[in-house]
Amino acid sequence: MERKVNFNPGPATLPLPALEKARDALVDYEGLGLGLLEMSHRSKPYEEIHFGAMDLLRELMGIPSDYEILFLGGGASTQFFHVPMNFLGEGKVASYLNTGTWSKKAIKEAKKFGKVVIAASSEEDRFTRLPSADEIEIDPASVYVHMTSNNTIVGTQWKTFPDTGTIPLICDMSSDILSRKVDVPQFGMIYAGAQKNLGPAGLTVVIIRKDLVEACPDASPTMVDYRTHVGKSSLFNTPPVFAIFVMKEVLQWVKDKGGLEAVEKENDAKTDLVYGLMDKRPDFFRGTVVDKESRSNMNVTMRLPTEALEATFLEKADKEGFVGLKGHRSVGGIRVSMYNALSLDGIRKLAAFMEDFASANA
Ligand SMILES: *Cc1c(COP(=O)(O)O)cnc(C)c1O
C-alpha cells in the first residue's frame, strides 16, 4: 500500500510501526488467543500496557515524581470543564489567556463555575499573533492561569511560557505535546487530547502536580474529581485501553528516535523548510500569522493570492498524495499540520511541490 503524506490536523498521521503493532494486537494479543479489545483492563497483560505507557511518558517528558499522570476519556474539551469544576467555584477567580478558538471554548466553560479574568487576548487581531509578555496581566487572586500552548487553527505557538509565580499554570497542550522539550515544573497541570501527537482519539492525558489534586472540592461528581483517578491509577473505570496501547507504541517510537531532543530537531528542520519557502515567496505564500515569533511549528497557516488558486493547489496536492491541507474554515487557505509522525521526507516533497506550484502560478 502506498501511504499518503497525511497533513490532517487531528486525528492525524501516526507512526507506521505503531499502527502495525495495533493491527497485530487486535485479533491475537501476543499469542494469548484473544485480542487486546477483548481483554480485561484488570488483567496482567493490560496492566503492563497501562503502566508501561505511563513510565514511558514520564521518562520522555521528564515528569518529576511529584506529578501524577492520568489517562482519561472525553477529549481535551472535557478538561475545559473538569479544570474549573475542580479548582474554580463561587468567589474564586481564574485568569485565562485568550489566543484562539480552543482558548475561547475553555473560557466559555470556566465562566459557568466562577469568575474568569482575561489576562491577555489577541482576539482584536483575529488571533494572528500571541500577546507579548508585557500585555499579560494576571489577577493576583487567581486560583490558576489557563493557556493554550499551540493554537491549532490559527497557527500560533508559545515559544516561552509566562511566569505565573506561585499561581499554577494550566496548559492545554493538545496539539504540541511531545513535539519539543518543555520544563514540566513550570506547570501546575498539562492536558492533551491524544489525537494529534500522542495516538488515537478517545484518550486524554493529564499531568497534574500532586498538591493540586489534593485541593479538589468534595462536591464534584466522582468522575470529574481528579482524586478519583489518581487514587486508582486511572483504573477507576474502564480506560480507553486500545488508545492507551497505541499511545504506548507511539511513545516507544519517540524513544527509539532518540527522545524529545531528536524529535524537536527534526520538527525544527521541517518548520525551517516550510517557513523558509514562505519567506522566500511572501507574496505567494501569505502567512496568516503576522508576527514571526508567534508562528507554530506544528500548524503552518497561509493564504494564496486568490481563492481559485487555493482550490487548484488543494486539487493538485491531492493528486500528488498530499491530504489534509485545507485550512480551517475560520482562516481559510492552506494549513500544513506537521505533527511528529509526519516525516521530514514528506515535508521535503511538499516543499518541492509548493515551489513548483508557485513558479507555475505566480
Ligand atoms: C484538537 C484540540 C482540542 C480538542 O480536543 P478534543 O480531544 O477533540 O476535545 C482542544 N485544544 C486544542 C489546542 C486542540 O488542538
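Going along each chain's sequence as written, the residues are numbered from 1 onward. Per-residue local features of the predicted model are confined to residues with pLDDT of at least 70, and side-chain atom pairs are confined, for both listing and counting, to 80 or more; whole-chain, interface and lining totals are unaffected and use all residues. Remark: hydrogens and water are excluded; side-chain values derive from all non-hydrogen atoms of the structure.

Draft legend 1. Inspection of helix H10 (residues 344-361) at higher detail. Here H10 contains 18 residues, and its C-alpha end-to-end distance of 25 Å stays within 8% of the 26 Å for a straight helix at 1.5 Å per residue. Inspection of H10 places Leu344, Gly346, Ile347, Leu350, Ala351, Phe353, Met354, Phe357 and Ala358 among the buried residues, and these make up the whole buried set. Residue contacts are defined here by distance: any two heavy atoms, one from each residue, within 4.5 Å place the two residues in contact. Secondary structure elements are defined from DSSP: runs of H or I of at least 4 residues count as helices, runs of E of at least 2 residues count as strands, and each element is numbered from the N terminus. Against strand S1 (5-6), helix H8 (259-280), strand S12 (299-303), helix H9 (307-319), strand S13 (322-323) and strand S14 (334-337) lie the buried residues of H10. Take the residue count of a helix, subtract one, and multiply by 1.5 Å to get its expected span. When accessible area is computed with a 1.4 Å probe and restricted to protein chains, residues below 20% of their type maximum are described as buried, those above 50% as exposed, and intermediate ones as partly exposed.

Draft legend 2. The arrangement of the domain arrangement of the chain in detail. Segmentation into domains, and thus their bounds, comes from an automatic or database assignment. Per the domain assignment, the segments making up the chain are domain 1 (16-256) and domain 2 (258-361). One C-alpha centre belongs to domain 1, the other to domain 2, and the line joining them spans 27 Å. What gets called buried area is simply the loss in accessible area from a 1.4 Å probe that two parts show on being joined, summed for both. Both faces considered, domain 1 and domain 2 share a buried interface measuring about 2,100 Å² in area, 52% of it formed by carbon and sulfur atoms. Of all residues in domain 1, Thr128, Ile153 and Lys181 bury the most surface against domain 2, accounting for 23% of the area lost on that side.

Draft legend 3. Structural context of empty space enclosed by the protein. Residues are called lining when one of their atoms sits within 4 Å of a cavity or pocket point, these points coming from a 1 Å grid over the protein atoms alone, where a cavity is a set in which a 1.4 Å probe fits but cannot get out and a pocket is an open set with protein on both sides within 12 Å along at least five of seven lines. Grid points are joined across faces, edges and corners, and a volume is the space filled by probe spheres set on the points. The full count for this structure, using the stated rule, is one cavity of 30 Å³ or more. As a volume, the largest cavity reaches approximately 40 Å³.

Draft legend 4. How the structure looks around the site of the ligand. Around the ligand sit 13 residues in total, of which Ser77, Thr152, Asp172, Gln195 and Lys196 are the nearest. At 2.6 Å from a nitrogen atom of the ligand is found a side-chain nitrogen or oxygen belonging to Asp172. At 2.7 Å from an oxygen atom of the ligand is found a side-chain nitrogen or oxygen belonging to Lys196. Here the Shrake-Rupley method, with its probe set to 1.4 Å, supplies the accessible areas, and only the displayed protein chains count as covering residues. Protein coverage of the free-state accessible area of the ligand, which is 390 Å², stands at 87%. Take the shell around the ligand: its biggest share by element is four residues, from helix H3 (residues 75-87). Each residue is tested against the molecule or strand, and it is near if at least one of its non-hydrogen atoms lies within 4 Å. Under the rule applied, a polar contact is a pair of N or O atoms within 3.5 Å (in protein, one hydrogen donor and one hydrogen acceptor; residues adjacent in sequence only if both atoms are side-chain atoms).

Draft legend 5. Representation of the side chain of Thr128. Within the element layout of this structure, Thr128 appears in the loop between strand S4 (115-121) and strand S5 (142-148). Using a relative accessible area of 16% as the deciding quantity, one classes Thr128 as buried. When near neighbours in sequence (up to four residues on either side) are disregarded, Thr128 contacts Thr156, Thr288, Val289, Val290 and Asp291.

Draft legend 6. Quick peek at unusual backbone geometry. Following Gly10, the chain continues to Pro11 via a peptide bond in cis, the omega torsion being -10°. Looking at where Pro11 falls in the secondary structure, it is placed in the loop between S1 and helix H1 (16-27). Of note in this structure, Phe127 is not a glycine but carries a positive phi near 60°. Among the secondary structure elements, Phe127 is positioned in the loop between S4 and S5. Since its relative accessible area comes to 9%, Phe127 is described here as buried. Positive phi, normally seen in glycine, also occurs at Ser233, with a value near 50°. Summarising the element assignment, Ser233 is placed in the loop between helix H6 (226-231) and helix H7 (241-257).

Draft legend 7. Spatial organisation of the packing of H9 against H10. Following both chains from N to C, one finds H9 and H10 inclined at 140°, their axes separated by 12 Å at the closest point. Looking at the two axes, H9 sits oblique to H10. Crossing geometry of H9 relative to H10 is assigned as right-handed. Touching Leu309, Thr312, Phe313, Lys316 and Ala317 of H9 are Phe353, Met354, Phe357 and Asn361, all from H10. Here the residues of the contact of H9 with H10 are counted per class, giving six nonpolar, two polar and one charged. Structural elements are reduced to axes, namely lines fitted to C-alpha atoms, with helices fitted over the stretch in contact, and the angle between N-to-C directions of any two is expressed from 0 to 180 degrees. Put simply, angles under 35 degrees are roughly parallel, angles over 145 are roughly antiparallel, angles from 65 to 115 are roughly perpendicular, and the rest are oblique. By the definition used in this description, the sense in which the near helix is turned from the far one sets the handedness, with an anticlockwise turn below a right angle giving left-handed and a clockwise turn giving right-handed. Gly is put with the polar residues, along with every residue not named as nonpolar or charged; the nonpolar set is Ala, Val, Leu, Ile, Met, Phe, Trp, Tyr, Cys and Pro, and the charged set is Asp, Glu, Lys and Arg.

Draft legend 8. Structural context of the packing of aromatic side chains. Centre distance within 6.5 Å is the pairing criterion for rings of Phe, Tyr and Trp, where only the six-membered ring of Trp is used; planes under 30 degrees apart are then read as stacked, over 60 as edge-to-face, and the remainder as tilted. Overall, the coordinates contain 14 aromatic pairs when judged by the stated rule. Geometrically, the ring pair formed by Tyr96 and Tyr144 is edge-to-face, given 5.8 Å between the ring centres and 70° between the ring planes. Highlighted residues: Tyr96 in strand S3 (residues 93-98) and Tyr144 in strand S5, separated in sequence by 48 residues. Across the pair, Tyr144 and Tyr96 agree in class, each one buried. A ring pair is formed by Phe322 and Phe353, whose centres lie 5.5 Å apart and whose planes are at 55°; its orientation type is tilted. Of the two residues, Phe322 sits in strand S13 while Phe353 sits in helix H10, which places them 31 residues apart along the sequence. On the accessibility criterion, Phe322 (5% relative accessible area) is buried. For Phe353, a relative accessible area of 11% translates into the label buried. By the ring-pair criterion, three or more aromatic residues cluster together here, those being Phe7, Phe284, Phe285, Phe313, Phe322, Phe353 and Phe357.

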